[in-house]
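So the chains spell out like this:
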Amino acid sequence: SNKWLWAEGGGGNGNAVMATANDADVAAWETFTLDPVGSEQMHILSYDNSSCLGYPEDPAQWDMLRTFSCSRREGGEMRAEWEGKGVVWNVVRQMQRLEPPVQGVSLGGWLVVEKWMTPNVFAYAEGAEDQWTLTENLGYDRAKELLDYHYSQFLNLRDDMRYLAQHNFTAVRIPVGYWMVATREELEKQGAPYVNEGIEYLDAAFAAAAAVNIDVLVCLHGAPGSQNGLQESGHKMDSVGWTTDENIEATYGYIEALTRRYTGHSNFLGIGLLNEPHGNMDLEVLRKFYLTAYERVMAVDPSVLVWMSDSWRAGALDGYGFIPQRPNIVVEVHIYQLYLDEEIKMTPDQHNAYTRDVIGSEFERMQRHRLIATGEWALALHTSTWEGYDDEAKAHGLKEYAAAQMDAYSRGSGYFFWTFKLGCNAWPIPEWSMVQAIDLGLLPGHSADCEGDACVGHSWECYWDFPNKNTPESPPPPSDETQVSEAPSGESSLDAAPSDEAKMSEAPS
């Protein structure tokens, strides 16, 4: 099993880790994992998979790793020998596991509104494209009234959490914006028109989820300045404004505030530091942010799981050097197979095989060394994939695709489907709506674990009755272009990054 080790005498750094592990002059420390290769032999990997332990660039050559003979000593110590040289390691803690793997769903479109998901909300503010322009166009008071109504009506927290529990879900992932914990004075200073409310609804979600043993992952989707320039961050922009020192420092404070607020809750699954940072963001900026944010969270509570986005660095499962490998860190990937040309050309059977054989195998291997989970996935494939399929054949194909994905992601630390439901007057697309997918029997393993009157219904039906505006008409069905551009700005495979168009699409998280 994987354990975290500290080297005696302070540990090592850089390429001298093995030569200086017992050197009292070495002040730096490093985190390691043990990769068992036998009952008394292990590979020892440094936290960033650096070459100091002979780690090859090609993960297919892992047999080139130096193999150490390990023996336990009194007091929890372990002695590792390599070429006759002994180094003593202290086992300091067992790596926190997510076992069994998480089976979750995101509550998208609720506390961070997205136009494609909740067109009824945006019908009140002509020209609004995101939460920023919605509140800017309406003015603070009217926007507050509208958003309060949406927050209170979009979900029936008590019944929806019971519904999820009865359908064998164990967790929810809730996107939030920094404005929920910022003061109005802070927002005015930033020139941000956001309404600084919504946190009380997140409080209520924790309580409703706890009542049915469902965990809650809080994910920062909206950071000051926008981390990706997409409407899912609250502010659609032509460039990323988050990377200023002022915005990054402010983000630390908002993450700390959220962590302090929920760390005492038994069902707090952790904090997602930053949803989908732009795929072209400077990795050094992101690395420093992740490490400092992690340390700030650990200072609040060292038991909290810290979820770190891979920033669409597809193909880098073995190269996540910008994500620290420390206790309680979860690498979060988002996977959507509908963007790249090679994916568009794939048949349903090829998608299933790729998901199980490639993605599943990668997850299983990575999980031996660090926690990795799928923070978002859906059933959506390019519409051309289903040409020639009737409704029955397509439903069967979607069900097989769902089974392949859930199997693959459960070989890591689990998954969160995107999303629980689409809002009133959004075009009904079961590929993106969990409740509709379940109603159609598309999610194996998530059928109702109840019978008759004991089963709780979900809140998919239209809830909208806000005054002074008629309910807008439903939008037209999505075309090939809108399914690609308004689908989550997603990572489509594990070995190729999405195109610039996909990364900057006006899509759900």
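Procedures and definitions
Residues numbered from 1 in each chain as written. Predicted model: local features only at pLDDT ≥ 70, side-chain atom pairs only at ≥ 80, totals over all residues. Heavy atoms only, no water. Helix = DSSP H or I, 4+ residues; strand = E, 2+ residues; numbered from the N terminus. Buried < 20%, exposed > 50% of the residue type's maximum accessible area, 1.4 Å probe, protein only. Contact = heavy atoms within 4.5 Å. Areas by Shrake-Rupley, 256 points an atom, 1.4 Å probe, with all protein chains shown as cover. Salt bridge = Lys/Arg side-chain N within 4 Å of Asp/Glu carboxyl O. Core = buried A, V, L, I, M, F, W, Y, C linked by side-chain atoms within 4.5 Å. pLDDT = per-residue confidence, 0-100. Polar contact = N/O pair within 3.5 Å; in protein donor to acceptor, adjacent residues only side chain to side chain. Pairing = 2+ DSSP bridges. Expected span 1.5 Å × (residues − 1). Bend = angle between axes of the 7 residues up to and from the residue. Axes fitted to C-alpha atoms, helices over the stretch in contact; angles between N-to-C directions. Parallel < 35°, antiparallel > 145°, perpendicular 65-115°, else oblique. Left-handed = near helix turned anticlockwise from the far one by under 90°. Nonpolar A, V, L, I, M, F, W, Y, C, P; charged D, E, K, R; others polar.

**Student:** Would you explain the overall build of the protein chain in this entry?
**Tutor:** Looking only at helices and strands, the protein chain has 14 helices and 14 strands in total. Counting all 509 residues of the protein chain, 57% fall into the buried class. Of the contacts formed within the protein chain by residues at least 6 apart in sequence, a portion of 71% connects residues at least 24 apart. Put simply, the protein chain shows about 20000 Å² of open surface, and 47% of that area lies on carbon and sulfur atoms.

**Student:** Please clarify how unusual backbone geometry should be interpreted in this entry.
**Tutor:** Note: most peptide bonds trans; most residues except glycine with negative phi. Here the bond from tryptophan 418 into threonine 419 is cis, since omega is 10°, no more than 30 degrees from zero. With respect to the element layout, threonine 419 can be found in the loop between β14 (414–417) and α12 (434–439). Backbone geometry at serine 226 places phi at a positive 70°, although glycine is not the residue there. In this fold, serine 226 is placed in the loop between β9 (215–222) and α7 (245–262).

**Student:** Would you take a moment to explain the environment of isoleucine 438 for this structure?
**Tutor:** Assignment of secondary structure puts isoleucine 438 in helix α12. Placed 271 residues apart in sequence, isoleucine 438 and histidine 167 show a C-alpha to C-alpha distance of 8.8 Å. In this view, isoleucine 438 contacts Tyr163, His167, Phe169, Leu443 and His446; residues no more than four positions away in its chain are not counted.

**Student:** Looking at this model, I keep getting lost on the pattern of salt bridges. Mind explaining?
**Tutor:** Any two side chains of opposite charge can pair, so long as their charged atoms come close to each other. This model, assessed by the stated rule, comprises 19 salt bridges. Between arginine 287 and glutamate 284 there is a salt bridge; the shortest N-O distance is 2.8 Å. Here arginine 287 pairs with glutamate 284, and both are found in helix α8 (residues 283–300), just three residues apart, close to one helical turn. Of the residues examined, arginine 287 reaches a relative accessible area of 27% and is grouped as partly exposed. You can call glutamate 284 partly exposed: its relative accessible area is 35%. Residue glutamate 364 pairs with arginine 411 through a salt bridge whose shortest N-O separation is 3.0 Å. On the criterion of sequence distance, the pair formed by glutamate 364 in helix α10 (residues 348–366) and arginine 411 in the loop between α11 (391–409) and β14 is long-range, its members being 47 residues apart. Relative accessible area serves as the criterion here: at 43%, glutamate 364 is assigned to the partly exposed category. On the accessibility criterion, arginine 411 (26% relative accessible area) is partly exposed. Among the ionic contacts, a cluster of salt bridges with common partners joins Arg356, Glu364, Asp407 and Arg411.

**Student:** Looking at this model, I keep getting lost on the nonpolar core. Mind explaining?
**Tutor:** Within soluble globular proteins, side chains that are nonpolar generally end up buried alongside one another. Counting residues in each nonpolar core, the largest one holds 106 residues, and the members touching the most others are Trp110, Phe289 and Met434. Setting aside its immediate chain neighbours within four residues, phenylalanine 289 contacts Trp242, Ile248, Thr251, Tyr252, Ile255, Leu273 and Leu274. Counting twelve residues, the second largest nonpolar core, distinct from the first, contains Trp116, Trp418, Ile429 and Trp432.

**Student:** Mind showing me how you'd approach the confidence of the model for the protein chain here?
**Tutor:** Caution applies to low-pLDDT parts of the model: their predicted coordinates are not meant to be read in detail. Looking at the protein chain as a whole, the pLDDT averages 78, with 70% of positions reaching at least 70. Low pLDDT (under 50) marks residues 1–31, which in the prediction has 100 contacts with non-local residues, meaning those over four places away or in another chain. Residue range residues 46–95 is modelled with pLDDT below 50. Its contacts to residues more than four positions away, or to other chains, number 137 contacts.

**Student:** Just checking my understanding: could you explain the environment of isoleucine 214 for this structure?
**Tutor:** Along the chain, isoleucine 214 turns up in the loop between α6 (199–210) and β9. For isoleucine 214 and leucine 269, which are 55 residues apart along the polypeptide, the C-alpha to C-alpha distance reads 9.4 Å. Aside from chain neighbours lying at most four places away, what touches isoleucine 214 is Met161, Leu164, Ala165, Phe169, Thr170, Ala171, Val172, Ala209 and Asn267.

**Student:** Got a minute to help me understand helix α2 (residues 131–138) in this structure?
**Tutor:** Owing to its 3.6 residues per turn, the α-helix aligns residues three or four sequence positions apart on the same side. The buried fraction of α2 amounts to six of the eight residues, a majority that puts the element mostly inside the structure. Listed as buried for α2 are Gln131, Trp132, Thr133, Leu134, Thr135 and Leu138. Structurally, the start of α2 carries an N-cap: the backbone nitrogen of tryptophan 132 is 3.2 Å from a side-chain oxygen of aspartate 130. The positive-phi residue at the C-terminal boundary of α2 is glycine 139, with phi of around 90°.

**Student:** How should the pairing of strand β12 (residues 329–334) be read in this particular structure?
**Tutor:** Consecutive side chains along a regular strand alternate between the two faces of the sheet. Of all the six residues making up β12, six are buried; the element is thus mostly covered by neighbouring parts of the structure. Because side chains alternate across β12, one face comprises the buried residues Ile329, Val331 and Val333, and the other comprises Val330, Glu332 and His334, equally buried. In the sheet, strand β11 (residues 306–309) pairs with β12 via four bridges, with the strands oriented parallel. Counterpart to valine 306 in the pairing with β12 is isoleucine 329. Here β12 pairs with strand β13 (residues 371–377) via five bridges, running parallel. Across the sheet, valine 330 pairs through a bridge with leucine 371, a residue of β13.

**Student:** I'm lost on α10 in this one. Help?
**Tutor:** Helix length check: α10, at 19 residues, gives a terminal C-alpha distance of 26 Å against a target of 27 Å (1.5 Å per residue), a fit within 8%. Of all the bends in α10, the greatest, near 30°, is centred on glycine 360. Regarding α10, the residues found buried are Pro348, His351, Asn352, Tyr354, Thr355, Ile359, Gly360, Phe363, Arg365 and Met366. The elements touched by buried residues of α10 are β12, α9 (341–344), β13 and α11.

**Student:** Explain the packing of α2 against helix α3 (residues 140–153) here, please?
**Tutor:** Packed helices, taken two at a time, are described by the angle their axes make and the gap between the axes. At a minimum axis distance of 6 Å, the contact between α2 and α3 shows a crossing angle of 130°. Comparing the axis directions of α2 and α3 gives the class oblique. As α2 packs across α3, the resulting crossing turns out to be right-handed. Here Gln131, Leu134, Thr135 and Leu138 of α2 come into contact with α3, specifically with Tyr140, Arg142, Ala143, Leu146, Leu147 and Tyr151. Of the residues assigned to the contact of α2 with α3, the class counts are seven nonpolar, two polar and one charged.

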